[in-house]
Amino acid sequence: LNTKTESVTIKMDTTVSTFGTASYKQGTNNPVVNLWNFIMGKEVITVTVPITEKDSGLDKDNIIVTLKSDSTTTTVVDKALSGNQKDGYSLSFTTTEDFMGTYTISAVDTAGNIAEASLQPADSKIVVDTKAPTVTLTPSGTALKEAGDWAYTGTVAIGISVEDEEVSSGLKSVTYSIDGEAAV
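The structure presented is a predicted model; accordingly, all values stated were derived computationally and were not measured. (Residues numbered from 1 in each chain as written. Predicted model: local features only at pLDDT ≥ 70, side-chain atom pairs only at ≥ 80, totals over all residues. Heavy atoms only, no water.)

Undergrad: I tried to follow the overall build of the protein on my own but got confused; where do I start?
TA: Looking only at helices and strands, the protein has one helix and 11 strands in total. Secondary structure elements of the protein occur, N-terminal to C-terminal, as β-β-α-β-β-β-β-β-β-β-β-β. Of all intrachain contacts in the protein linking residues separated by at least 6 positions in sequence, the fraction that spans at least 24 positions is 57%. As displayed, the protein has an accessible area near 12700 Å², and 52% of this comes from carbon and sulfur atoms. (Helix = DSSP H or I, 4+ residues; strand = E, 2+ residues; numbered from the N terminus. Contact = heavy atoms within 4.5 Å. Areas by Shrake-Rupley, 256 points an atom, 1.4 Å probe, with all protein chains shown as cover.)

Take a look at the structure:
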């Protein structure tokens, strides 16, 4: 009886892919201008996310991108995957011109490991705030009845109230100017 023994090494891939920081492009190489053009021009924007998968590799058909806004959830069909295991991958997809929300990426490598990322405000929340905040000024003091609503004598305290209905974008700052002086 002849027997031959061979040794085989099997590497088990249990490492999930990792996602890098997203970038946004819309015709220029300046990401700030691109995001501004998207917000103001209501045009589409291309989102690119680097993905690291060093072991078994990725296939674009096993990557699901979901766009979620307040009213809809859409799966992105048109996406591109470039790169390789050694140098890393780059996933690109395009949003619609009216998209406001977050996106989720689910990537299954060829070994079946699932990586999911719901990319949130700092990385991916695209918000188009179309409503200006409401500013209300309330003076208190001695009003001159005959001069109108904003005629006062002596010291006048002015209360400032600001409301912003767009909770997702928030209020960055409030400035004011008195008699054309520098804004405070």
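Undergrad: Even after reading the chapter, I still don't get the confidence of the model for the protein, so can you show me in this structure?
TA: Caution applies to low-pLDDT regions: their predicted coordinates should not be interpreted in detail. Summary statistics for the protein give a mean pLDDT of 78 and a share of 74% for residues scoring 70 or more. Across the protein, the element-wise mean pLDDT spans from 63 in helix α1 (residues 31-41) up to 91 in strand β6 (residues 79-84). Predicted confidence for residues 120-125 stays below pLDDT 50, and this span has 14 contacts to residues more than four positions away or in other chains. (pLDDT = per-residue confidence, 0-100.)

Undergrad: I'm lost on the side chain of Lys-79 in this one. Help?
TA: Looking at where Lys-79 falls in the secondary structure, it is placed in strand β6. Summary of buried charges: Lys-79 has no salt-bridge partner, and the nearest side chain of opposite charge, Asp-61, is 5.6 Å away. Leave out the neighbours within four places in its chain, and Lys-79 touches Lys-60, Ile-63, Val-65, Leu-91, Ser-92 and Phe-93. (Buried < 20%, exposed > 50% of the residue type's maximum accessible area, 1.4 Å probe, protein only. Lys, Arg positive; Asp, Glu negative; His and termini not counted. Salt bridge = Lys/Arg side-chain N within 4 Å of Asp/Glu carboxyl O.)

Undergrad: Where do I start with a nonpolar patch on the surface in this structure?
TA: A cluster of nonpolar side chains, Val-135, Leu-137, Val-156, Ile-158, Ile-160, Val-174, Tyr-176, Ile-178 and Val-184, forms an exposed patch at the surface whose accessible area comes to about 780 Å². Those elements that place two or more of their residues in the nonpolar patch are β10 (134-143) and β11 (152-163). Top element by residues in the nonpolar patch is β11. It accounts for three residues. You can see Val-135 is positioned in strand β10. (Patch = residues over 30% accessible without salt bridge, like charges linked within 9 Å, V, L, I, M, F, W, Y side chains within 5 Å.)

Undergrad: Is there a simple way to explain the environment of Lys-86 in this structure?
TA: Tracing the backbone through its elements, the reader meets Lys-86 in the loop between β6 and β7 (88-94). A relative accessible area of 69% places Lys-86 in the exposed class. The spacing of Lys-86 and Glu-53 is 33 residues in sequence and 8.3 Å in space, taken between C-alpha atoms.

Undergrad: Help me understand the packing of aromatic side chains in this model?
TA: The description of two aromatic rings rests on the distance between their centres and on the angle between their planes. Evaluated as defined, the whole model comprises one aromatic pair. Here the aromatic rings of Phe-93 and Tyr-103 are separated by 5.2 Å at their centres, their planes lie at 75 degrees, and the arrangement is edge-to-face. Highlighted residues: Phe-93 in strand β7 and Tyr-103 in strand β8 (residues 102-108), separated in sequence by 10 residues. For the pair shown, Phe-93 and Tyr-103 are each scored as buried. (Phe/Tyr/Trp six-rings, centres within 6.5 Å; stacked < 30°, edge-to-face > 60°.)

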